[in-house]
Amino acid sequence: MNESAKQGPASQGPATATESVAAQAARTRLEERVAGIESILISVPMLLLEIALILSLFVPYASQTKTDEDPESFNLFFFLAGFADRDDDGDPEAASILFASAFLVLIVVIIGTICTAPMLAGKRVSSRAGATAVTFIIVLILGNVGAWIVMLMGVYADSPWTIGPALPLLNLGTLLAAMIAFMPGYRRIWER
């Protein structure tokens, strides 16, 4: 009986070690699969937000139809011409400079978000890089709200504007950026 008792634990020892190696290999494969899925889950929205924000810089924000003329379309950079607006006396127009400054900030924030948001798709994002990207995304959200306010003012003006495709693209990019920055599931991915 002593021999059978000795053989039992001895036969279980190597089997346990083999099972342990197999369990570790299975765990490693599972971790690799999860990492691959997480990479896809963050890369696809990141790619879409990058495309949407880049396009929002160049496609028309609005168009304005004047009587007996073709509609005039203008993109985000058109608003920067407000820095050159002058009144009848040749003095700069304060309202035009204010709007031009606001849109210049929006352009800088969009470009900053385009440059910093991809850091959130990586692994082991540093706290400084994450904070920088999240700050740009917060200011992008505020800029998006401001752009809507200006566009709605233009829609209800005397010579109304028609909202172009850039504002919905900016909305899509902002929504995706906010999702990656603030949804708990995404935060867990890039905060590891």
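From a predicted model like this one, the values you see are computed outputs, not experimental measurements.

**Q** I'd like a description of the overall build of the protein chain, backed by residues and values.
**A** Along its length, the protein chain carries 5 helices and 3 strands. Along the protein chain, from the amino end to the carboxyl end, the secondary structure elements read α-β-β-α-α-β-α-α. Out of the 192 residues belonging to the protein chain, those deemed buried represent 31%. In the protein chain, 64% of the contacts between residues at least 6 apart in sequence involve partners at least 24 apart. Carbon and sulfur atoms provide 65% of the accessible area of the protein chain, an area that totals close to 11,900 Å².

**Q** Give a detailed account of helix H3 (residues 127-155), specifying residues and quantitative values.
**A** In this model, H3 (29 residues) spans 42 Å end to end at C-alpha, consistent with the 42 Å of a helix rising 1.5 Å per residue. Three or more residues of H3 are buried, namely Ala 129, Gly 130, Ala 133, Val 134, Ile 137, Leu 140, Gly 143, Asn 144, Ala 147, Val 150, Met 151 and Gly 154.

**Q** Can you tell me about the packing of H3 against helix H4 (residues 166-182), naming the residues and giving the values?
**A** Their axes nearest at 10 Å, the elements H3 and H4 cross at an angle of 150°. Taken together, H3 and H4 sit at an angle that is classed as roughly antiparallel. Judged by the twist between their axes, the crossing of H3 over H4 is left-handed. In contact with Val 134, Ile 137, Ile 138, Leu 140, Ile 141, Asn 144, Ala 147, Trp 148 and Met 151 of H3, H4 contributes Leu 167, Leu 170, Asn 171, Thr 174, Ala 177, Ala 178, Ala 181 and Phe 182.

Definitions and limits used
- Residues numbered from 1 in each chain as written.
- Predicted model: local features only at pLDDT ≥ 70, side-chain atom pairs only at ≥ 80, totals over all residues.
- Heavy atoms only, no water.
- Helix = DSSP H or I, 4+ residues; strand = E, 2+ residues; numbered from the N terminus.
- Buried < 20%, exposed > 50% of the residue type's maximum accessible area, 1.4 Å probe, protein only.
- Contact = heavy atoms within 4.5 Å.
- Areas by Shrake-Rupley, 256 points an atom, 1.4 Å probe, with all protein chains shown as cover.
- Expected span 1.5 Å × (residues − 1).
- Axes fitted to C-alpha atoms, helices over the stretch in contact; angles between N-to-C directions.
- Parallel < 35°, antiparallel > 145°, perpendicular 65-115°, else oblique.
- Left-handed = near helix turned anticlockwise from the far one by under 90°.

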